[in-house]
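Structural overview
Here's the letter readout for the chains.
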Amino acid sequence: FPSHDREEGKPTVTIYVANLNYRRDEDGIKELFAPYGYVKSVKIVYKEDKTKKTGIAFVQMTNEEKAKKAISELNGKIIDDRTLKVSVALDRFKNN
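Residues numbered from 1 in each chain as written. Predicted model: local features only at pLDDT ≥ 70, side-chain atom pairs only at ≥ 80, totals over all residues. Heavy atoms only, no water.

**Re the confidence of the model for the protein**
The test is simple: Values of pLDDT, the confidence the predictor places in each residue, fall between 0 and 100. Contacts between residues were defined by any pair of non-hydrogen atoms, one from each residue, lying within 4.5 Å.
Mean pLDDT over the protein: 88, with 84% of residues reaching 70 or higher. A low-confidence stretch, residues 1-5 (pLDDT under 50), is modelled with 12 contacts involving residues beyond four sequence positions or located in other chains.

In structure tokens, the structure reads:
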């Protein structure tokens, strides 16, 4: 990835991803978004007992334009036999 995407302190765009296949782990989610730009982090949401995934994750990217492209191209796409729902995360979820 271009090194300028990795700058520390850059504002991040948090992306909400739903309807993920439960078998897909953080690295697998990162693989979905990496073609669009640098992925700073992936956070998978687990159920309260912490043993089962909810099929939801939050992906942080450091480039707004690349994040928007990832959202537009991945939303509605069928991955692992599941139709993804991808959008900009609501503010209340961004820093949890």
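Once the structure has been displayed, the description carries forward.
**Remarks on the side chain of T14**
Note the threshold: Numbered from the N terminus, helices here are DSSP runs of H or I no shorter than four residues, and strands are runs of E no shorter than two. Using a 1.4 Å probe on the protein chains alone, a residue whose accessible area is under 20% of its type maximum counts as buried, one over 50% counts as exposed, and one in between counts as partly exposed. By the criterion applied in these results, polar contacts are pairs of N or O atoms within 3.5 Å in which, for protein atoms, one can donate a hydrogen and the other can accept it, and in which residues neighboring in sequence qualify only through two side-chain atoms.
Relative to the assigned elements, T14 resides in strand β1 (residues 13-18). Note on T14: relative accessible area 3%, which makes it buried. Side-chain polar atoms of T14 contact the side chain of Q60, separated by 3.4 Å.

**Describing the pattern of salt bridges**
Our working definition: Put simply, a salt bridge is a Lys or Arg side-chain nitrogen that is within 4 Å of an Asp or Glu carboxyl oxygen.
Per the stated rule, a full pass over the model turns up three salt bridges. For E73, the salt bridge identified is with K69, shortest N-O distance 2.9 Å. Within this pair, E73 and its partner K69 are both found in helix α2 (residues 64-74), separated by four residues, close to a single helical turn. Residue classification places K69 among the partly exposed positions, given a relative accessible area of 45%.

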